[in-house]
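# Geometric and topological summary
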Amino acid sequence: MNWRVKALWNLAEAFGVIRPVRDQTYPKDPNPEHWKTINGSHVHMDKNGNYDGGAGGKFNGRHHYGPNWRQKAALMNRLTAALHKGIKPQNVVPKATNQGNNGGKSRNGAIINTGKGQNPKPREPSSMGEWATELKKYGADVNFSKINDKVGMANAKEIYEVISENPKIANFINKYGVIVDAKPLGGAHGVTSYYLNPTFGKIRITLDQKSHDSIEAAEKRADLYEKSGFKMPCDKAHAPHYTESHELGHMIEAIVCYERLKNATWVTSKEFKQETNKIKREIIKCAKDIDPNTNFRNYKQYLSDYGKTNPREFFAECYANYRCGKANILGKAIGLWIERWNKNV
Ligand SMILES: [Zn+2]
């Protein structure tokens, strides 16, 4: 950052303009105090009474600026202009790792090389520390010290696979980084925060500590949620990382938007919302390509209730379904969509 960007940045932070978008999983926030109706829309508020990106996703940009939004919007425009001036695009070269150029095909491990021979025998990390080291090579800072070790390792593996198997995601994380951790979230299972411009700050995924304290609890929860239609179908073996997969879905959609909306800023976040709608339609089109019987009128029968909340949750839920071993037509569709996205350079 040059001095001009830095100065504006400090000003924007002081004004509270730079705030990340939060995509939070609200399993069932029963406290009516946390839900408010604004302009006819049901929205979720954080503990300070601020709209925090919960259900509906109807509000963006200036709508929840509150007082001084005009000044804030003007400040944001100046910051954006300065950022675009001050930051030169650079070619991104993936960091060298012992993963080499396998294109992410080694789904089942082959991660750590041991021995010194010509063809050292690879093995999968066997501790959280080893996973963190591997993930760091990709630019991901993962800290699961606060959750059950087995659950943490299942989630670390999921993050590893998602990043290493998707060239565009690997490139992005290599350049901008991502932070993943766990802490008590008080009711939510997970949350993903991101700014409307990747240079403003890192994408951050946080898992709820309590929801990730045992494999058995995760299995039970995934089963219950699937049966009630609240969440997408999930195989027992993948239950420990369902929330992570959902949150990684939010991360991926943010990366797609960064790529497509070169000038996306906080105040133009309407574009961001429109883009997520467009992506949703593209995914349903993929479902149609796989099975002509699926269309824009009947796709909802394959979608979880949570996925119906807004286009962002649609993406996250379809992605979780795709990653969790029981992909239905929407899970398969997002898989195809991601394949197409990775090819379209
Ligand atoms: Zn979500």
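What counts, and where the lines are drawn
Residues numbered from 1 in each chain as written. Predicted model: local features only at pLDDT ≥ 70, side-chain atom pairs only at ≥ 80, totals over all residues. Heavy atoms only, no water. Helix = DSSP H or I, 4+ residues; strand = E, 2+ residues; numbered from the N terminus. Buried < 20%, exposed > 50% of the residue type's maximum accessible area, 1.4 Å probe, protein only. Contact = heavy atoms within 4.5 Å. Salt bridge = Lys/Arg side-chain N within 4 Å of Asp/Glu carboxyl O. 1 Å grid on protein atoms, 1.4 Å probe; cavity = no way out; pocket = protein on both sides within 12 Å on 5 of 7 lines; lining within 4 Å. Points joined across faces, edges and corners; volume = space filled by probe spheres on them. Nonpolar A, V, L, I, M, F, W, Y, C, P; charged D, E, K, R; others polar. Core = buried A, V, L, I, M, F, W, Y, C linked by side-chain atoms within 4.5 Å. Pairing = 2+ DSSP bridges. Donors = N, O, S within 2.8 Å, 3.2 Å for Na, K, Ca; no water. Tetrahedral: all angles 85-135°; square planar, octahedral: opposite > 155°, others 65-115°. Axes fitted to C-alpha atoms, helices over the stretch in contact; angles between N-to-C directions. Parallel < 35°, antiparallel > 145°, perpendicular 65-115°, else oblique. Left-handed = near helix turned anticlockwise from the far one by under 90°. pLDDT = per-residue confidence, 0-100.

In this section: the overall build of the protein chain. Looking only at helices and strands, the protein chain features 10 helices and nine strands. Looking at the protein chain as a whole, 50% of its 345 residues are labelled buried. Pairs at least 24 apart in sequence give 67% of the contacts found in the protein chain among residues at least 6 apart.

This brings us to the pattern of salt bridges. Per the stated rule, a full pass over the model turns up 20 salt bridges. Of the charged contacts in the structure, one is a salt bridge between E124 and K157, with a shortest N-O distance of 3.3 Å. With E124 in the loop between strand 5 (121-123) and helix 3 (128-137) and K157 in helix 4 (residues 149-164), this pair connects stretches of sequence that are 33 residues apart. In this structure, a network of salt bridges that share partners links the residues E158, E161, E165 and R323.

Inspection of the entire model under this criterion finds two cavities of 30 Å³ or more. Each pocket or cavity is described by its volume, and for the largest cavity that value is around 80 Å³. Along its surface, the largest cavity is lined by H189, A218, R221, A222, Y225, K231, M232, C234, A239, Y242 and T243. Of all the secondary-structure elements, those providing two or more residues to the lining of the largest cavity are helix 6 (215-228) and helix 7 (242-260). Among the elements that line the lining of the largest cavity, the one with the most residues is helix 6, at four residues. Residues that form the lining of the largest cavity fall into these classes: seven nonpolar, two polar and two charged.

This part covers the nonpolar core. For soluble globular proteins, nonpolar side chains are generally found buried alongside one another. Among the nonpolar cores identified, the biggest contains 62 residues, and F144, I169, I173, I203, M251, I252 and W337 are the most heavily contacted of them. Considering each element in turn, this core owes the most residues, nine residues, to helix 7. Ignoring anything within four residues of it in the chain, the contact list for W337 reads V256, R260, I279, E282, I283, C286 and F315.

With that settled, the discussion passes to the pairing of strand 8 (residues 190-194). For strand 8, a buried count of five out of five residues is recorded, marking the element as mostly surrounded by other parts of the structure. Of the two faces of strand 8, the one lined by G190, T192 and Y194 and the one lined by V191 and S193 are each fully buried. Across four bridges, the pairing between strand 1 (residues 21-24) and strand 8 is antiparallel. If you follow R22 over to strand 8, its bridge partner there is S193. Across four bridges, the pairing between strand 8 and strand 9 (residues 203-208) is antiparallel. In the strand pairing of strand 9, G190 is matched with L207.

On the protein side, the zinc ion has H246 (NE2), H250 (NE2), E313 (OE) and E313 (OE) as donor atoms, found 2.0 to 2.7 Å from it. Every donor counted, the four donor atoms about the zinc ion form angles of 52 to 142° at the centre, which fits irregular coordination. On the primary sequence, the residues serving as donors to the zinc ion are separated as H-x3-H-x62-E. One end of the pair, H246, is in helix 7; the other, E313, is in helix 9 (residues 311-323), and 67 residues separate them in sequence. According to the relative accessible area criterion, E313 is buried, its value standing at 2%.

Next up on the list: the sheet that holds strand 6 (residues 140-143). Ordered by their spatial adjacency, five strands build an open sheet running 1-8-9-7-6, and the pairing between neighbours is mixed. Only two strands of the sheet have a single neighbouring strand rather than two, namely strand 1 and strand 6. Strand-to-strand twist of the sheet, defined as the mean angle between neighbouring strand axes without regard to direction, takes the value 15°.

All right, on to the packing of helix 4 against helix 7 then. Viewed as axis vectors pointing N to C, helix 4 and helix 7 meet at an angle of 30°, and their least axial separation amounts to 10 Å. By the angle class used here, helix 4 and helix 7 are roughly parallel. Our pair here, helix 4 against helix 7, has a crossing hand that is right-handed. Taking contact as the criterion, the partners of N155, E158, I159 and V162 in helix 4 are, on helix 7, E244, S245, L248 and I252. Within the contact of helix 4 with helix 7, the residues separate by chemical class into four nonpolar, two polar and two charged.

Quick look at the confidence of the model for the protein chain now. Per-residue pLDDT for the protein chain has a mean of 79; in total, 66% of the residues score no lower than 70. The low-confidence segment residues 48-66, where pLDDT is below 50, has 50 contacts with residues more than four positions distant or belonging to other chains. When the criterion is pLDDT under 50, residues 86-110 qualifies, and its contacts beyond four places in sequence or with other chains add up to 34 contacts.

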